[in-house]
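Structure assessment
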Amino acid sequence: MEKFVKNASILIVDDTPKNIQLLGTVLKETGYRVIVATNGNSALNILEKTKPDLILLDVMMPELSGFDTIKKIKENENIKNIPVIFLTAKAEPDDVLEGFKLGAVDYITKPFHASELLARVKTHLELKINKDLIQNLLDFQKGLVLMIDENRILYANKSFLNYVGSPNLLQFTRDYQSYSEYFDIIEENLEDQELKLKPKDKFLKKEIFLAHKSLLPGKSLFILNLTDVTDYEIEKTTLEQKASYDELTKVYNRTKFIDIFNEIYKSITQEEKPLSLIIFDIDHFKKINDNFGHNIGDKVLVEISSCLKGLIRNSDILCRWGGEEFLILLKSSIEDSFRIAEKIRTFIESKEFIQNHKITISLGVTSLEKNDNLDLFINRADQALYKAKNSGRNQTIKI
Ligand SMILES: [Mg+2]
């Protein structure tokens, strides 16, 4: 650090040649490179060209005062991060306050003590160099990186700003107070300090990020490293869908149904709400396959499934249990479920799935009883279905 500080360049802005000479000598003797401007406008020109590490700015100058000059510096994206120390005979508390308000990092009154001035210059150069170092390290990272103190974003790397489309951090933080105003947290794993984030603007940005938190010394400071995991998430969703849905009919498969039942079962026992089950199969399905071929048989299964989706409610769970057998789980009383079963039966009966050939279904309905598990529950519905079959098919029996 010492070496970096020694090589630093400092711009002195003062309209009094004597002051420039005095200051220049002290700084040069310490090893700093010194650049000089005798008024605000020429300082602004020099800043654009040379970008020094620090500015020592006089307040009282003709034309552009020191206060006016710093305003222009802070408006200019290219130079606004260069620290400014006011060096002036104007030492009223109001002046000092005004200087800090305008964005100065320090305020030294004239006549100055060389050692005090040098100590302050060194401190602010070190801070500036540290800041630049952090920014460069973050910019070097491939992912999107933020450094955050509690909720306040202190640093954002170039990749992050490019992604959000902000020219600089200040612009971004004007629109968003914290990263959680830009992103929705869709998953949180506190133990591993991992978050899954998705931009709130779903129309423009569809990426999903895995964000890893690294805590830094000091409790509230951390680095958030965002990796784009969109492709992985899409693949995972596709796999999950494959694992949950019947390939032919696109309704839930047996595995998913069991999962959902177990999930509901846990909550039902606590809340004591009714849960019913409809089981049904297509009458004489084997004959359909034998007479019309398996393709037509499959087509019937697909069409019946898609009809069912329109007949049941959003909260009802439909599954292809196997072959031509389907289950529907309903958070309803047995009477209501029976009515839905009958609605399905009469609809299927009325529809011509195969030209000049009538298709009917038989249904069994039951509701969950105390001490039931899924097997007992399904067995009872199955018994009802068996009765419906034995009583001539195309009917609903409830037990
Ligand atoms: Mg002056």
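As a convention, each chain's residues are numbered from 1 in the sequence order in which they are written. Restriction of local features to residues with pLDDT of at least 70 applies here, the model being predicted, together with a cutoff of 80 or more for giving and counting side-chain atom pairs; totals for whole chains, interfaces and linings are based on all residues. Each side-chain value is derived from all of the structure's non-hydrogen atoms; neither hydrogens nor water enter the calculation.

Another aspect to go through is the nonpolar core. Within this scheme, the nonpolar core is defined by two criteria: the residues are buried Ala, Val, Leu, Ile, Met, Phe, Trp, Tyr or Cys, and they are joined through side-chain atoms within 4.5 Å. For the exposure calls, accessible area comes from a 1.4 Å probe over protein chains only, and a residue counts as buried if that area is under 20% of its type's maximum, exposed if over 50%, partly exposed in between. Among the nonpolar cores identified, the biggest contains 28 residues, and Ile278, Phe280, Ile282, Ile304, Ile328, Ile344 and Ile359 are the most heavily contacted of them. Not counting chain neighbours up to four residues away, the residues in contact with phenylalanine 280 comprise Leu308, Glu324, Glu325, Phe326, Ile328, Ile361, Ser362, Leu363 and Leu385. Formed by 22 residues, the second largest nonpolar core is a distinct cluster that contains Val13, Leu47, Met61 and Ile73. In what follows, residue pairs with any heavy atoms lying within 4.5 Å of each other are defined as contacts.

Successive side chains on a regular strand alternate, one facing one side of the sheet and the next facing the other. Here, any two strands with at least 2 DSSP bridges between them count as paired. Numbered from the N terminus, helices here are DSSP runs of H or I no shorter than four residues, and strands are runs of E no shorter than two. Note that strand 4 (residues 84-88) and strand 5 (residues 106-109) share four bridges and pair parallel. Looking at the pairing, phenylalanine 86 lines up with tyrosine 107 of strand 5.

Here we come to the sheet that holds strand 14 (residues 325-330). Overall, mixed pairing links the five strands, which are arranged 13-14-12-15-16 in an open sheet. The sheet terminates laterally at strand 13 (317-322) and strand 16 (396-398), the two strands that pair on one side only. Between one strand axis and the next, the sheet turns by 20° as a mean value, whatever way the strands run. Pairing of strand 13 with strand 14 involves five bridges; the strand directions are antiparallel. Bridging from a neighbouring strand, cysteine 319 pairs with leucine 327 of strand 14. Axis definition: a line fit to C-alpha positions, over the contact stretch in the case of helices; interaxial angles, taken between N-to-C directions, run 0 to 180 degrees. Lying over the sheet, helix 14 (residues 334-350) contacts strand 12 (276-282), strand 14, strand 15 (361-367) and strand 16, oriented at roughly 170° with respect to strand 15.

A word on the domain arrangement of the protein chain. Domain annotation for the protein chain reports domain 1 (2-137), domain 2 (141-232) and domain 3 (245-398). Taking only C-alpha atoms into account, the centre of domain 1 sits 80 Å from that of domain 3. Where each domain begins and ends is defined by an automated method or by a domain database.

With respect to the secondary-structure elements, leucine 210 resides in strand 10 (residues 209-215). With 19 residues separating them along the chain, leucine 210 and valine 229 place their C-alpha atoms 6.3 Å apart. The residues contacting leucine 210, other than those within four sequence positions of it, are Glu194, Leu195, Lys196, Asn225, Leu226, Thr227 and Val229.

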